[in-house]
Amino acid sequence: MSEALVAAEAAGTGTEPVPAASGARQFWRRLRTQRAALVAAVVVALLVLVAVAAPLLTAIEGQDPTTYHPSLIDSARGGVPIGSFGGISGDHWLGVEPQTGRDLFARLVYGARVSLGVALAATVIQVFLGVVVGVAAALGTGWVDQLLSRLTDIFVALPLMIMSLALLAIVPASFPRPVLVTLVIGFTAWGNISKVVRAQTLTLKGLDYVSAARLSGWGTWRIARRELLPGLAAPVITYAAILVPVNISVEAALSFLGVGVKPPTPSSGQMLTAADVWYQAAPQYLLLPAGALFITVLALTVLGDGVRIALDPRAASRLSAGTGRKREARKEGTA
Amino acid sequence: MSGFGGFLLRRLVGAVITLLAISVLVYVVFYATPGNVAQITCGPRCSPEQVRQVAEQLKLDDPLYLRYWHFLVGLIAGQDYSTGTSVAHCSAPCLGLSYQSDQQVLDIILAKLPVSLSLVLGAMVLWLILGVGTGVLSAWRRGRFTERLLTGLTLAGWATPVFVIGLVLMIVVCGELRLLPFPQYVRLTDDPEQWAWNLLLPWLSLALIEAAAFARMTRASMLETLAEDHIRTFRAYGVAERTIVVRHALRGALAPVIALNANNVGSAIGGAVLTETLFGLPGIGQELVHAVNVVDLPVVVGMVLVIGFFVVLANAVADVLYAVADRRVVLT
Amino acid sequence: MSLVQVTDLTVEFGDLKAVDGLSFTLEQGAALALVGESGSGKSTVASALLGLHNGTGARVGGAIEVAGTAVHEASDDELRRLRGAKAAMVFQDPLSSLDPYYAIGDQIAEVYRVHTRVSRRAARARAAEVLDRVGIADARRRSRSRPHEFSGGMRQRALIAMALACEPDLLIADEPTTALDVTVQAQILDLLHTLREETGMGLLLVTHDVGVAAESVDEVLVMRHGRVVEHGPVAEVLGSPVEAYTRGLLAAVPRVDAPRAASEAPAPADDAQDVTQEATDVDIVLEATGLRRELGRGKKAVTAVDDVSLTIRRGETLGVVGESGSGKTTLGRMLVGLLEPTGGEVRYDGHPRVGVNPAVQMVFQDPVSSLNPRRSVGESIADPLRARGERDERKIRGRVSELLERVGLEGAHYDRYPHEFSGGQRQRVGIARALAADPRVIVCDEPVSALDVTTQAQVVALLGELQRELGLALVFVAHDLAVVRQVSDRVAVMRRGRIVESGSADEVYDNPQDPYTKQLLAAVPALDPQVAARRRAARRELAAA
Amino acid sequence: MRQPSSRARRVAAASVGLVLAAGAAACGPKDNDAKGSGGDSTPHKGGTLTVLNSNPQENFDPARLYTSGGGNVPSLVFRTLTTRNRENGAAGAKVVPDLATDTGRPNKDATVWTYTLKKGLKYEDGTPITSADIKYGIERSFAPELSGGAPYLRDWLVGAANYQGPYKDKKGLTAIETPDARTIVFHLDKPEGEFPYLATQTQFTPVPKAKDTGTKYAEHPISSGPYKVVKNENNGEHIVLERNTYWSTATDAERKAYPDKVDVKSGLDSSVINQRLSASQGSDATAVTTDTNLGPAELAKVTGDKELASRVGTGHFGYTNYIAFNPTVKPFNNIKVRQAISYAVDRSSVINAAGGSALAEAATTYLPNQKSFGYEPYDLFPAGETGNPAKAKELLKEAGYPNGLTVTLTHSNAKDFETSPEIATALQDALKKAGITVKLQGLEENDYSDTIHSVKTEPGFFLAHWGADWPSGGPFLAPIFDGRQIVKDGANFNTGLLNDKSVNAEIDAINKLTDLDAAAKRWGALDKKIGEQALTVPLFHPVYKRLVGKDIKNVVISDWTGVLDISQVAVK
């Protein structure tokens, strides 16, 4: 959950500045051709559905994430769930949670809702900030660029964990905690994406059709909106698809340090933090949230990869006979 | 080569500005943190009078800008402080004293830094081997089963939080199989062999997380380089595929990997707090989390500056390595 | 036994049939040129000779024999032994065909040691030897420098040296000079010629430029859509072509030595002045005086345009010709106002202008990057109209359809996307967009250099018609001297940011004063083989002197 | 009040620098007798004892430590005038002489206490220990640079309220006289029968003025006990103690000090500590912990394994977790509402949240369930195992809330399984049955202690806990229910804001008694009397279960600390 992957994708998505493909049709046709990405898309859709329909699913099971069932746990032995596989039974599909006896299936489903919600919302903030700062830095005059780049450096240099700890300690408890965690992750980890956006905007700025737009009399901001932003869609979407799983892990890390989402709102990070000690006594309490987190992250990353290839024709064309782009030529650039 | 000197100077000035900006940000953020520092330092049962005395002793009643000014003066000229019986001096880069333990922050950092560095640098070696190796293999065996398997494994490593992997690994390896001793930090200078044995597990846990990033990075970079024209030239001259991949594709792919690696090492110094906490390694990250909990401002500012310094240093090193590897890049 | 024996070769990528039943033979020491437009399959044939399509998913049919090896059924090892030793290949883009991370000498040595068991030191000596042979001065020291420290021309020489290292029987050159300037192209072709004389190796030259073919081969094979159109000795095919397609192709090739064809010459302006009569000052549309521009910062700043003054009159075309690095594009961008000059000024209709001026538009070189791929063609053309404040959609759509038809496309193309058009069509859209702003001057920056000869001719013709009809002033920036001659009334020759010679097209082309212009004109490949041989001899003296 | 550092897990919940450790005791009616591990159980001298802790021995200076009975690791280095009796169970809750010849001779009304030092007492460097050193040691604890100790000296000694320590106030404390090198007399401003208990705290450790180095003293404090500090890294992260040759059992009947060397490592994760103790590999076989309990998860595994179970010691310690009301906040000003909540509480789910019946025992009295506190069992508002919602609803109707009410329960976000979110959610669920909807308000750790300990911001309904500074009713009831201890502008612990004349008078009366057993009975009765006002709802008393290495012998755990006493333990 470190920043590594975020930076990795910064370099990895240096897509060809002018994707020959355009329009949604091309994108879907390319995405469909990649089996792995398709499976991942289905899994992600399922996850989102489960998260959204959490109340419905738990109603079907007849449980809710907060009711305690003291009778289902053995108090003398530290609150271990009674029954095989952690008390899996007709009305508790995935068994019960040690110490509290709350229904594990309900907590997993609600936990997914919070974790996915926090991760997606934080990613939206990061992308928004990244694009605004990135484009402003690329289009701004010399010192504007310097200032914004310095600002980005600061945020990249700040240790995310520590700043989140401090910020989460400052805000009074009345502030809804999941929203706070989202804002904290969102506002501290946008540095890398703004670097990617700035690099891509600088490349797009040099293209002829942008000069043509200037020639036809449009102002800088209209050009930015009409010409540059669509050009940024490919790298930004790909990057966001990678950021979501990173944010899920960050939320889990914050819960580990005790400052993440607070009970009674369940989150997969919180459950993992409580569950890792139960590795021997009640293994399913650890394996289920860890498994759910792994599947979510795997699906999102594979989907992210699929999206990148679908959006970047160069990657698709790479499969044909070695007619790769001429990176050298573009860099040389005749006067 | 004046270009290089110019580059270093610019980077140094930039770094100083960035670090100062960070220190201001941290001061402002932590100044507003709730929790009466004097009460915490003095102890829960202190009378209001005692709390006032402690607050005066730690100069907590000064306004924010005055406290920051003292911090700056300390940084440049050092400052004197009383230990009660005598007056001691905290020399030039003095980051002040910890509210809780009256230790010089610089001493705390110097005591903790080797732990974090050993953890991160050791893990770096592992994640490079794991990451780059997997990346090269999956790029070379593109589309085949090995690539899918490797991608899946690295993703598994990356997706599972360290405190789960670390603990399970520890319980299995140290607890049940008893292959390794339970990790505890042995200073490198005291006993290198024990130092390595004890850190093997933390290195592995941290490396498993970071390796995934490198695997994806190397694979993407390898694929991109393999599509370059000069690869086709060598194929057209009958050079064996294996030589092409190792000599040409890998060399081309390494440049961005170097850049990512340096950046990663910088942020891991502060970010490895989870690994440190789990394995009980008294590193920078763990101390920082404790300092934040007891709102020990000088320690927090000192630590964040050190971490910020390493991130900035790492980025500069990355750019230099990148330029050395790929002569076309001009250092700006 | 002939050097190369190709019978009924077919190559298919998915559903596209790139080569459809091609057969030809090449004797020891002979030279054959595969000539055709882009998409004719000529490069695919060249690659097929070395079996480079194996493992790329292409389906290859028919038989190929190269220097005794049956390529179509050879094992990987056999193929590896063939490649480089018996048959070597030189590619189009010298800038990216060498590994940027290794010294050039080492790369040549590496290839050499694949085919001959020698020590590393001996291989490096061999590399220096072949580099010297291809005319690179101080070869031993230069062999240690990296590719980016060589110019485009020198890198192509290095690649040729790599090919020579194992003394192959056959050299396959796939568009070897397309990415080079005309003077450098001439040197490379001369080099190939002398090397073939000395080593007697066969040459298969793939090119779209008929002139290049005429200069350097014995036989020509014209290809279209993967099939042979005409095949015979170069004098016959180029001198008296039998097939209609060949004739059309040759007609479309602009001649540097022929004066501007009557049809393209601009009809005398409506006030019936004689072309040669000194134009009055009143109809000067755009004037540049003492223009200067530096690029880059600090120590590495270079003066791209150095004190250039020129005037552009209504209804007249000014040709600006020069090699890469001459500053012609920078000048074009300054005239249009996209780039701020660091010295001098641009005056439109007599008064100085800074920044973008709707009356002065531009047509760009690269059809791919000149149109926003995510917006429909009609939208891009409508931009200037909307920028002027036009709100009435119906009127905009009407005007755009009119313009589309005017440039030879259909009004219905409004909602189509750029990737659905060919290169030539996209340039027409670029022109339509320029016209939408009702400009009085259009600066065309290499408008046709990315197009095939036939499409090139059509676009040039369109520009001529528009100029005549709308009285436009055109500035035609290009590196191809022949094309510039076909379109320009007056010509300016640029070198390293300065105008070295200017005047009416016929003056400059028929009796050039400046030695650089002479050198440029001498380097342009001639269509007639005899003329080409005489030119080569003249160049050799010039170089030797 | 003391916050024990019995933090179950995660360093994030670092306590506020208290050193006191809660431990495991061998006694307790229901538990099997875990006297010591198997094999030859007679202890011998020699070997190295390893101590694996989560919290570092921060600020290892006698003036700054807040201990109960001198602490565990500190008591190996710092001897005090009196100390706790080092025996198992209830016998261990007595006070016995240490440096002094007796537990102190009070005057008629227990306002003047005189102590005489034993003969031949020496520091680790051979220099003699004098009464002036004891006086100086106490004076040091008043310096603001060395803050952190217990408040009693400041409250009890004559004219000590504004004393700023020897560095600022050269003339020293007049309340302490040292007529000769072996006699020391304390003058109190009110009767304090339990002064001997106070004299067990480390502030009573002698510190020679010549060797005092202020805040640096913690790096190498001069030892008067069986061990001396050889190494102290990173402010207590790793401490190594070796034998102090000048110490002898002749002058110290309490500490056995069998091992030659004690290696105290801290900063370890609690699950790691428990894993290492159960594996007992290499040096871990002779290891113990003084601050880490078995968590619920580890307990489940341990009870299943016969050998491991035999190495678990159970400890009872004077400590109560409870719900506190602030009667000045509506609706808690109405006693019926407080009583209704007392009935509605489901102690079983709270105990499960705290780790299950093995780690927590239901509490119906405010005082801990130990004889030395004068424990008299009473249950004024019987809620049974899982709460009595019917009775609660009835009371609510009488209080004017026929269809239930909505309240906010404030708790801390720290993971200490006492005031943590898990306990709060357990209560939330239980009270729902009685028609009381509970909204939760979680505060960060520091924010939480600031909020509940200030009269202005104290919430109406919140989780709290209290521990004994020493095993007697005094330190339990006085700070919480004595009207005169209400602090308007600082840290206030009288959360019920009770200022009842009769209660204050009874506290003063009991303080006069020097017969501790008689005093204990009176505290028990007072506890019941205060209970009637339902200012608190006692929830549970913690039970500490802790593993020891397989080669550890002579495990002695007293009810005073509930901790395995490392001065008794042997490794050979």
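Only a predicted model underlies this, so the values are computations on that prediction, with no experimental measurement involved. (Residues numbered from 1 in each chain as written. Chains lettered and ligands numbered in written order. Predicted model: local features only at pLDDT ≥ 70, side-chain atom pairs only at ≥ 80, totals over all residues. Heavy atoms only, no water.)

On to the overall build of chain B, then. For chain B, the helix and strand inventory stands at 13 helices and 2 strands. Within the span of chain B, comprising 332 residues, buried residues form 61% of the whole. In chain B, of all internal contacts separated by at least 6 residues, the share reaching a separation of at least 24 is 63%. Of the roughly 12200 Å² of accessible surface on chain B, a fraction of 69% belongs to carbon and sulfur atoms. Taken together, the 22 basic and 22 acidic charged side chains of chain B have centroids lying 14 Å from each other. (Helix = DSSP H or I, 4+ residues; strand = E, 2+ residues; numbered from the N terminus. Buried < 20%, exposed > 50% of the residue type's maximum accessible area, 1.4 Å probe, protein only. Contact = heavy atoms within 4.5 Å. Areas by Shrake-Rupley, 256 points an atom, 1.4 Å probe, with all protein chains shown as cover. Lys, Arg positive; Asp, Glu negative; His and termini not counted. Charge placed at Lys NZ, Arg CZ, Asp CG, Glu CD.)

Attention shifts here to the overall build of chain C. On a plain count of helices and strands, chain C comes out with 19 helices and 20 strands. Over its C-alpha atoms chain C spans a radius of gyration of 25 Å, differing by no more than 12% from the 24 Å that the globule rule assigns to 545 residues. Projected onto its principal axes, the C-alpha positions of chain C cover 75 × 50 × 45 Å. The proportion of buried residues among the 545 residues of chain C is 56%. Of the roughly 22100 Å² that chain C leaves accessible, carbon and sulfur atoms contribute 49%. Looking at charge distribution, chain C has the averaged site of its 65 positive side-chain charges lying 6 Å from that of its 77 negative ones. (Rg over C-alpha atoms; globule rule 2.2 N^0.38 Å.)

A few words now on the packing of aromatic side chains. All names here are of chain D. Enumeration over the complete set of coordinates arrives at 32 aromatic pairs over all chains. Judged by centre distance (5.2 Å) and plane angle (80 degrees), the rings of Y366 and F481 are edge-to-face. In this pair, Y366 sits in the loop between β14 (360-362) and α9 (389-398) while F481 sits in helix α12 (residues 474-481), placing the two residues 115 residues apart along the sequence. Exposure remark for Y366: the relative accessible area of 2% places this residue in the buried category. Here F481 falls in the buried class, since its relative accessible area comes to 3%. Grouped by ring-pair contacts, the aromatic residues W113, Y115, F186, F195 and F204 constitute a single cluster. (Phe/Tyr/Trp six-rings, centres within 6.5 Å; stacked < 30°, edge-to-face > 60°.)

Now for the arrangement of the chains. Between chains A and B lies the most contact-rich interface of the 5 pairs of chains that touch. Structurally, chain C and chain D remain out of contact, their C-alpha atoms never closer than 48 Å.

On the chain A side, the residues contacting the 56 residues of chain B number 54 residues. Buried surface at the junction of chain B and chain A, both sides included, amounts to about 5100 Å², of which 71% is carbon and sulfur. A per-residue breakdown of the area chain B buries against chain A is headed by W158, F163 and R216 of chain B, which together make up 14% of the total. Inspection of the region where chain B meets chain A yields 0 salt bridges. One can count 1 residue pair in polar contact (both at pLDDT 80 or more) joining chain B with chain A. (Buried area = accessible area lost by both parts, 1.4 Å probe. Salt bridge = Lys/Arg side-chain N within 4 Å of Asp/Glu carboxyl O. Polar contact = N/O pair within 3.5 Å; in protein donor to acceptor, adjacent residues only side chain to side chain.)

Residue and element names in this part refer to chain B. Contact pair helix α5 (residues 105-140) / helix α12 (residues 284-293): the axes reach a minimum separation of 8 Å and the direction vectors enclose 135 degrees. The orientation of α5 relative to α12 falls into the category oblique. Side by side, α5 and α12 meet where I108, I109, K112, L113 and S116 of the first sit next to I284, G285 and E287 of the second. Counted by class, the contact of α5 with α12 contains 4 nonpolar, 2 polar and 2 charged residues. (Axes fitted to C-alpha atoms, helices over the stretch in contact; angles between N-to-C directions. Parallel < 35°, antiparallel > 145°, perpendicular 65-115°, else oblique. Nonpolar A, V, L, I, M, F, W, Y, C, P; charged D, E, K, R; others polar.)

Time to look at the interface of chain C and chain A. Taken together, the contact between chain C and chain A spans 35 residues of the former and 26 residues of the latter. Carbon and sulfur atoms supply 58% of the area buried between chain C and chain A, which totals about 2900 Å² over both sides. If you look at where chain C meets chain A, you find 2 salt bridges. For D208 of chain A, the salt bridge identified is with R333 of chain C, shortest N-O distance 3.3 Å. Along the contact surface separating chain C from chain A lie 7 residue pairs in polar contact (both at pLDDT 80 or more). Counting only elements with at least two residues in the side of chain C that touches chain A, the list comes to α11 (328-336), β16 (360-363) and α12 (377-387) of chain C. Its residues placed into classes, the side of chain C that touches chain A shows 14 nonpolar, 11 polar and 10 charged.

Let's shift gears to the sheet that holds strand β1 (residues 4-13) of chain C. Residues and elements named next belong to chain C. Strands sit in the order β2-β1-β4-β5 across an open sheet of 4 strands; the sheet is antiparallel. Single-partner strands in this sheet number two, and they are β2 (16-26) and β5 (69-70). In the sheet, β1 pairs with β2 via 8 bridges, with the strands oriented antiparallel. Among the inter-strand pairings, V6 is bridged to a residue of β2, identified as F24. The sheet strands contacting helix α1 (residues 42-49) are β1, β2 and β4 (59-66), and the helix crosses β1 at an angle near 115 degrees. (Pairing = 2+ DSSP bridges.)

Another point: the pairing of β1 of chain C. All names here are of chain C. In this sheet, β4 lies alongside β1 in antiparallel orientation, the contact comprising 7 bridges. Looking across to β4, one finds that Q5 is bridged to E65. The hairpin formed by β1 and β2 contains 2 residues between the paired strands, and G14 there has a positive phi angle of roughly 60 degrees.

Bringing the domain arrangement of chain B into the picture now. Residues and elements named next belong to chain B. What the domain assignment reports for chain B is domain 1 (3-104) and domain 2 (106-160 + 211-325). The C-alpha centroid of domain 2 is placed 33 Å from the C-alpha centroid of domain 1. Contact between domain 1 and domain 2 buries roughly 2200 Å² in total, counting both sides, with carbon and sulfur atoms accounting for 77%. Three residues stand out in domain 1 for area buried against domain 2, namely F30, L95 and Q104, and they jointly supply 27% of the buried area on that side. Taken together, the links from domain 1 to domain 2 amount to 0 salt bridges. Connecting domain 1 to domain 2 are 6 residue pairs in polar contact (both at pLDDT 80 or more). Those elements giving two or more residues to the side of domain 1 that touches domain 2 turn out to be α1 (2-31), α2 (37-42) and α4 (64-77). (Domains from an automatic or database assignment.)

Moving on, we get to the sheet that holds strand β6 (residues 176-180) of chain D. All names here are of chain D. Spatially, 4 strands are ordered β4-β5-β7-β6 in an open sheet, and the strand pairing comes out antiparallel. A strand with exactly one partner marks an edge of an open sheet, and here the two such strands are β4 (105-106) and β6. Pairing of β6 with strand β7 (residues 183-187), which is carried by 3 bridges, proceeds in the antiparallel orientation. If you follow I176 over to β7, its bridge partner there is F186. Running over the sheet, helix α1 (residues 131-140) touches β6 and β7 and is turned about 165 degrees from β6.

Residues and elements named next belong to chain B. Taken as a whole, this structure holds 2 disulfides over all chains when the rule is applied. Between the sulfur atoms of C90 and its disulfide partner C94 the distance amounts to 1.8 Å. Negative torsions about the S-S bond denote left-handed disulfides, and the value of about 120 degrees found for C90 with C94 makes this one right-handed. For C90, a relative accessible area of 1% corresponds to the buried category. When the cysteines engaged in disulfides are numbered in sequence order, chain B pairs them as 1-2, 3-4. (Disulfide = S-S within 2.5 Å.)

Of all 10 residues in α1 of chain D, 9 are buried, a share of seventy percent or more. Buried within α1 of chain D are the following residues: S131, D133, I134, K135, Y136, G137, I138, E139 and R140 of chain D.

Let us now look at the packing of helix α4 (residues 120-133) of chain C against helix α6 (residues 152-164) of chain C. All names here are of chain C. Where α4 contacts α6, the two axes come as close as 8 Å, and the packing angle between them is 125 degrees. As the angle between them shows, α4 and α6 are arranged oblique. Considering the relative orientation of α4 and α6, their crossing is right-handed. Listed contacts from α6 to R126, V130, L131 and R133 of α4 are A158, A161 and L164. Residue composition of the contact of α4 with α6, by class: 5 nonpolar, no polar and 2 charged. (Left-handed = near helix turned anticlockwise from the far one by under 90°.)

So, on to a positive patch on the surface. A grouping of R10 of chain B together with R297, K299 and K300 of chain C is seen on the molecular surface, where their side chains present a positively charged patch. Secondary-structure assignment places K299 of chain C in the loop between β11 (284-295) and β12 (302-313). (Patch = residues over 30% accessible without salt bridge, like charges linked within 9 Å, V, L, I, M, F, W, Y side chains within 5 Å.)

As a further point, take the confidence of the model for chain C. All names here are of chain C. Looking at chain C as a whole, the pLDDT averages 86, with 95% of positions reaching at least 70. pLDDT under 50 marks residues 262-277. Its contacts with residues more than four places away, or in other chains, come to 11 contacts. Our summary of model confidence lists the complex with pTM equal to 0.78 and ipTM equal to 0.75. (pLDDT = per-residue confidence, 0-100.)

The next point concerns unusual backbone geometry. Cis rather than trans, the peptide bond between K330 of chain D and P331 of chain D has omega equal to -15 degrees. Turning to its location among the elements, P331 of chain D is positioned in the loop between β13 (319-325) and α7 (335-344). Phi at D102 of chain B takes a positive value of approximately 55 degrees, unusual for a residue other than glycine. The topology assignment puts D102 of chain B in the loop between β2 (87-90) and α5. Positive phi, close to 45 degrees, is recorded for R496 of chain C, a residue that is not glycine. The residue R496 of chain C is located in the loop between β19 (490-495) and β20 (498-504) in this model.

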